[in-house]
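Coordinate inspection notes
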Amino acid sequence: MILIDSHCHLNSKELLPFENDLIKRAYEAGIKKFIIVGCDLDDSLKAVELANKYNQYASIGIHPHETERYKKNIPSEFYEAVHDKSIIAIGEIGLDFHYMHSPADIQKEFFELQLNFAREFNKPVILHIREAMSEALNIMKNYNDLKFLFHCYSGGTEFLERSLEFKSLLAFGGALTWKGKASENLRETFLKTPLNRIIFETDCPYMAPAPFRGKLNEPSYVKYIYDRACEMLNIKIEELADIVENNIKNFFMLQRI
């Protein structure tokens, strides 16, 4: 049985000092593979470095928060990094209208720039979309040829059907285990999502699952999310692990994990 953390930030300043211990704990918990995700140039290059060091996967991208810094230009280093054997996606990219660290028009323009970059190199896309589902989906409809992984899916049942119209996966994280109305709505959405479209993530160091909420998250904690999903679906973890592994293999065109 292989458990997979489809979205982690081992390249973050919070986790980098403990990388060896975190990797060891993940392996001991049965989490054999994870995707280390980039959010800006330095962060992305570090993701590639760590992925190669630990025989894992990585993605490169400019987070919507960071888009204003890059003056409408994909970093030139990305054109070399994208050929690295560890790179399986472009991301996390998208729109975030919650914090608005970059203006909406710049976010939209840079989102399209990166979608074109993903198209040029035939890479799936890892999406970050927060309070901007309608706007993002309207842009994405011009990129039906691409595959989209909805990181930390937050569109609820309202946008579920439209999200599934793409060649897409929906990733569910620690919020699936939390209490509260928002997490109840997320669990409702999860149960309405086809099993061949679901995967799990930690988004560490953020969004730790219960019982660690409020503390630093780490890849080993993805097992708590699998366990909660198994309870909801009334299936064994071995069955769910196989489903998720096949979903990831098919989505990223991997012969083996």
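Residues numbered from 1 in each chain as written. Predicted model: local features only at pLDDT ≥ 70, side-chain atom pairs only at ≥ 80, totals over all residues. Heavy atoms only, no water.

A look at helix α5 (residues 133-140)
Within the span of α5, buried status applies to Met133, Ala136, Leu137, Ile139 and Met140. For α5, the buried positions fall inside an angular range of 160 degrees around the axis, keeping them on one side. Contact partners of the buried residues in α5: β4 (87-96), α4 (104-120), β5 (125-130), β6 (147-150) and α6 (160-164). (Buried < 20%, exposed > 50% of the residue type's maximum accessible area, 1.4 Å probe, protein only. Helix = DSSP H or I, 4+ residues; strand = E, 2+ residues; numbered from the N terminus. Arc of directions from axis to C-beta. Contact = heavy atoms within 4.5 Å.)

A closer look at the sheet that holds strand β8 (residues 198-200)
Read across the open sheet, the eight strands follow the order β1-β2-β3-β4-β5-β6-β7-β8; overall the sheet is parallel. Edge positions in the sheet fall to β1 (3-8) and β8, since each has one partner strand and no second. The sheet shows a mean angle of 25 degrees between the axes of neighbouring strands, taken without regard to direction. Two strands pair when backbone bridges link them, and β5 and β6 are joined in this way by three bridges, in the parallel orientation. Bridged to Leu127 within β6 is Phe150. Strands in contact with helix α9 (residues 237-252) are β1, β2 (31-37), β4, β6, β7 (167-172) and β8; relative to β8, the strand with the most contacts, it is inclined by about 105 degrees. (Pairing = 2+ DSSP bridges. Axes fitted to C-alpha atoms, helices over the stretch in contact; angles between N-to-C directions.)

A word on the nonpolar core
As a rule of thumb, soluble globular proteins bury nonpolar side chains together. The biggest cluster of nonpolar side chains holds 89 residues, and the ones touching the most others in it are Met140, Phe148, Phe150 and Phe200. For this core, the element with the most residues is α9, which contributes seven residues. Look past the residues within four positions of Phe150 in its chain and what remains in contact with it is Leu127, Ile129, Met133, Leu137, Met140, Ser163, Ser168, Leu169, Leu170 and Ala171. (Core = buried A, V, L, I, M, F, W, Y, C linked by side-chain atoms within 4.5 Å.)

Digging into the side chain of Asp203
Following the sequence through the fold, Asp203 ends up in the loop between β8 and α8 (222-233). Among buried charged residues, Asp203 stands out as having no salt bridge; its nearest opposite-charge side chain is Arg130, 8.8 Å away. Among the polar contacts listed, one links the side chain of Asp203 to the side chain of His9, at a separation of 3.2 Å. (Lys, Arg positive; Asp, Glu negative; His and termini not counted. Salt bridge = Lys/Arg side-chain N within 4 Å of Asp/Glu carboxyl O. Polar contact = N/O pair within 3.5 Å; in protein donor to acceptor, adjacent residues only side chain to side chain.)

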